[in-house]
Amino acid sequence: MAGRKLLVLFGSQTGTAQDAAERIGREAKRRHFECRVEALDTCDVANLIHEPLVVFVCATTGQGDPPDNMKMFWRFLFRKNLPPRSLCQMDYAVLGLGDSSYPKFNFVAKKLHKRVLQLGGSPLLPVALGDDQHDLGPDAVIDPWLLALWDKILALYPLPAGVEIISPDVRLPPKYTLHYVAEDSSCSDGDVLQPRAARALPSEQHPFAARMVSNERVTAESHFQDVRLIEFDVTGSGMMFSAGDIVMIQPQNNPEDVQQFCQLLRLDPDRHFVLKPSEPGTALPALLPQPCTIRHLVTHYLDISCVPRRSFFELLSSLSENELEREKLQEFSSAQGREELFSYCNRPRRTTLEALWDFPHTTCAIPAEYLLDLVPRIRPRAFSIASSQLVHPNRIQILMAVVQYKTRLSKPRRGLCSTWLASLNPQHGDVRVPLWVKKGAMKFPDVADIPVIMIGPGTGVAPFRAAIEERVAQGRRGNCLFFGCRQKSKDFYCQLEWEELVTKGFLMLFTAFSRDQEEKVYVQHRIRENRKLVWELLSSRNAHVYLAG
């Protein structure tokens, strides 16, 4: 078995690429490979020259950008001083995950494939281009590509005589073993906020415990949508930001859902445990204290409200002792069952917790140490910052719509982060929210006399509120805002602020209230009506145009 080593590296923004990478890792172990699965930014890039076999799995975000956890790797890979044959010993394959409704579909995967080829790597297969827009999602591409990949790899690294591929029915060991410890073991069960290293800026690994100052509903009570203007105090965080930047917020699960999950799996929420990696070199989850309680794990870490992926059903089927349930789980995790899985899970947006309810005999017997393999971690949510640091020092404001919608399931679907934030009331005590700041894609002009045309319907106006506040504080005019919503009386966010700035000559405001008259009027109608002004700003004054939805 010596020499059968595979490295799987992923760049993932929402978790899909990580899930695909972990799937390849499991399939590698079934084929008796020693396999590591790592985020691209955590791998030692200098060691890549010694890796004989690598599979890259990477998503494309925004306008052809690499995910956050591969940005450092990306910069390194495209350094001009890398020797042209530096990866000549590497056999590699690239699996891309993207969305064909974007112009730069799978741009990162295509560019990565080309660059590794330039550096002397030998491609095992053409780059695979998974597409979210496909009826069956990226699996429609991943499944046949993986079959071809294993054929290629096993031709290069055949199994030794008498050794078989481990059957999918055989359960692989968990990533971590879970050991219960005495009740009096020190454990911070209150929150996800670990002490930050001295002077380190807040980050995903070390969020800042921001105090919620206010949580105000800014739509009329009679309006169908609940939209909040929320303010946080970030005094002492050291965070700097400007208009167009983003605040990342780490949400948590609803206490009722946590209780239900623990009851379903017959877990004592107050039991303390420590995790130990099953294999040397595997890092412990960064955001989990050691020791930890089951309640903390389920509240702050396990994403029990996400729509489960196919890998969830695959692992659940291997854990099931109930024949009927196991058959159904195997069907959901098979290539042939993709359509049925889509209809069961994705179309109605069924949650992981709800799926577990449907397989009670399997769920009550899930070993606790498989929880971290079964349920992904809760991902942070991004919000445009809706305030200027110049105007509100030590404060961050966001404009947030509370997500709630109906599917064919009887219970309304609710957004995890927005529902949690909306439920917090700073008037009832000290409310803390884990957050950090990230550079946004929008950059407003440094030159004072360049006008800006901002098109921000609904909560899309949030970054423009920050920009307008900032520009007005700097004495800059030439601010033109096209704002749209349903009704002037119900969801005209920041109305008084805008009207005051119009009176002072700092803002040109054009509003479209789509439901206030018989014929629907949207921002594009207002742009057309004011086309002479828009053209004059663009052609004569080099205006910059910004659009946020």
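Residues numbered from 1 in each chain as written. Predicted model: local features only at pLDDT ≥ 70, side-chain atom pairs only at ≥ 80, totals over all residues. Heavy atoms only, no water.

Enquirer: Describe the overall build of the protein, naming the residues involved and giving the relevant values.
Expert: What the protein contains, in helices and strands, is 18 helices and 21 strands. Against the globule reference of 24 Å for 549 residues, the protein gives a C-alpha radius of gyration of 26 Å, in line with a compact fold. Along the first, second and third principal axes, the C-alpha atoms of the protein reach 85 × 55 × 55 Å. Among the 549 residues that make up the protein, the fraction classed as buried is 50%. The contacts in the protein between residues at least 6 apart in sequence include a share of 77% that link residues at least 24 apart. Surface accessibility of the protein: about 26400 Å² in total, with carbon and sulfur atoms responsible for 52%. Looking at the protein, you have 66 positive and 63 negative side-chain charges, and the mean spots of the two groups are 6 Å apart. (Helix = DSSP H or I, 4+ residues; strand = E, 2+ residues; numbered from the N terminus. Rg over C-alpha atoms; globule rule 2.2 N^0.38 Å. Buried < 20%, exposed > 50% of the residue type's maximum accessible area, 1.4 Å probe, protein only. Contact = heavy atoms within 4.5 Å. Areas by Shrake-Rupley, 256 points an atom, 1.4 Å probe, with all protein chains shown as cover. Lys, Arg positive; Asp, Glu negative; His and termini not counted. Charge placed at Lys NZ, Arg CZ, Asp CG, Glu CD.)

Enquirer: Give me the UniProt feature "domain: FAD-binding FR-type" (unreviewed entry) in the protein: which residues, what numbers.
Expert: UniProt feature "domain: FAD-binding FR-type" (unreviewed entry): in the numbering of this structure it lies at residues 205-445. Its end C-alpha atoms 32 Å apart, residues 205-445 is made of 28% helix and 21% strand. (UniProt positions renumbered as here; feature names shortened; annotations may be inferred.)

Enquirer: Give a description of the side chain of S418 that names residues and reports values.
Expert: Inspection of the secondary structure puts S418 in helix 13 (residues 416-423). By relative accessible area, S418 is classed as buried at 5%. At 2.9 Å, the side chain of S418 forms a polar contact with the backbone nitrogen of V403. Not counting residues within four places of it along the chain, the set of residues in contact with S418 comprises M400, A401, V402 and V403. (Polar contact = N/O pair within 3.5 Å; in protein donor to acceptor, adjacent residues only side chain to side chain.)

Enquirer: Lay out the sheet that holds strand 13 (residues 381-384) in plain terms, naming residues and giving numbers.
Expert: If you walk across this open sheet you meet the six strands as 13-10-17-8-9-14, and the pairing is antiparallel. A single partner strand is all that each edge strand has here, and the edge strands are strand 13 and strand 14 (395-401). Direction aside, the axes of adjacent strands within the sheet are offset by 40° on average. Against the sheet, helix 13 makes contact with strand 8 (208-217), strand 9 (227-233), strand 10 (246-249), strand 13, strand 14 and strand 17 (432-438), and its axis sits at roughly 115° relative to strand 14, the strand it touches most. (Pairing = 2+ DSSP bridges. Axes fitted to C-alpha atoms, helices over the stretch in contact; angles between N-to-C directions.)

Enquirer: Which residues make up the sheet that holds strand 21 (residues 544-547), and what are the values?
Expert: Strand pairing in a sheet relies on backbone hydrogen bonds, with the paired strands running either antiparallel or parallel. Read across the sheet, four strands follow the order 20-19-18-21 without closing on themselves; strand pairing throughout is parallel. Across the chains shown, the open sheet's two edge strands, defined by having one partner strand only, are strand 20 (507-513) and strand 21. The average undirected angle you get between the axes of adjacent strands in this sheet is 10°. Where strand 18 (residues 452-455) lies against strand 19 (residues 479-485), four bridges are found, and the strand directions are parallel. Across the sheet, the residue bridging to I453 is C480, located in strand 19. This element, helix 14 (residues 462-473), spans strand 18, strand 19, strand 20 and strand 21 of the sheet and lies at about 155° to strand 18.

Enquirer: Go over the nonpolar core with me, naming the residues and quoting the values.
Expert: Among the nonpolar cores identified, the biggest contains 40 residues, and F261, L297, L302 and F313 are the most heavily contacted of them. Here this core takes five residues from helix 7 (residues 310-319), the largest share from any one element. Not counting residues within four places of it along the chain, the set of residues in contact with F313 comprises P308, L329, F332, S333, L341, Y344, C345, A355 and F359. Ranked by size, the runner-up nonpolar core spans 29 residues in total, among them C485, F492, Y546 and A548. (Core = buried A, V, L, I, M, F, W, Y, C linked by side-chain atoms within 4.5 Å.)

Enquirer: Got a sec to walk through the environment of P126? Specific residues and values, please.
Expert: Note on placement: P126 falls in the loop between strand 5 (122-123) and strand 6 (128-131). Among the residues examined, P126 registers a relative accessible area of 62% and is labelled exposed. As for P126 and Q495, which are separated by 369 residues in sequence, their C-alpha atoms are 54 Å apart. Setting aside anything within four residues of it in sequence, one finds P126 in contact with H113 and W145.

Enquirer: Any details on the packing of aromatic side chains? Residues and values, ideally.
Expert: Counted by the stated rule, this structure contains 13 aromatic pairs. Relative to F73, the ring of F56 has its centre 6.2 Å away and its plane inclined at 40°; by these criteria the two rings are tilted. In this pair, F56 sits in strand 3 (residues 53-59) while F73 sits in helix 2 (residues 71-77), placing the two residues 17 residues apart along the sequence. Across the pair, exposure class does not vary: F56 and F73 are buried alike. Members of the aromatic cluster, joined through ring pairs, are F312, F313, F332 and Y344. When the ring centre of F107 is taken as reference, the NZ or CZ atom of K104 above it lies at 4.9 Å. Here the guanidinium or amino end of K111 rests over the ring plane of F78, the centre of that ring lying 4.9 Å away. (Phe/Tyr/Trp six-rings, centres within 6.5 Å; stacked < 30°, edge-to-face > 60°. Lys NZ or Arg CZ within 6 Å of the ring centre and 35° of its normal.)

Enquirer: Give me the UniProt feature "domain: Flavodoxin-like" (unreviewed entry) in the protein: which residues, what numbers.
Expert: Per the UniProt record, "domain: Flavodoxin-like" (unreviewed entry) is annotated on residues 6-150. Helix makes up 32% of residues 6-150 and strand 23%. Its end C-alpha atoms lie 12 Å apart.

Enquirer: Tell me what's going on with the environment of L421, and back it up with residues and numbers.
Expert: On the secondary structure map, L421 appears in helix 13. Sequence separation between L421 and I249 is 172 residues; the distance between their C-alpha atoms is 9.6 Å. In this structure, L421 is in contact with M212, N215, I230, F232, I249, F383, I398, M400 and V433, ignoring residues within four places of it in sequence.

Enquirer: An account of the pattern of salt bridges is needed here, citing residue identities and associated values.
Expert: This structure, assessed with the given rule, holds 33 salt bridges. R36 serves as the salt-bridge partner of E51, at 3.8 Å between the closest nitrogen and oxygen. Placement of the pair is E51 in the loop between strand 2 (34-39) and strand 3 and R36 in strand 2, with a sequence separation of 15 residues. Take R36: its relative accessible area is 38%, and that puts it in the partly exposed class. E529 is the partner of R526 in a salt bridge, and the nearest nitrogen-oxygen pair spans 3.0 Å. Here R526 pairs with E529, and both are found in helix 17 (residues 523-529), just three residues apart, close to one helical turn. The network of salt bridges with common partners includes R23, E27, D139, D143, R310 and R338. (Salt bridge = Lys/Arg side-chain N within 4 Å of Asp/Glu carboxyl O.)

Enquirer: Residue-level account of helix 8 (residues 323-332), with values.
Expert: Looking at helix 8, one finds that the buried residues are E325, L329 and F332. Buried residues of helix 8, seen end-on, are gathered within an arc of 55° and therefore sit on one face of the element. More than 90 degrees from the buried face of helix 8, the exposed residues found are E323 and L324. Where the residues of helix 8 are buried, they touch helix 7, helix 9 (338-346) and helix 11 (360-363). (Arc of directions from axis to C-beta.)

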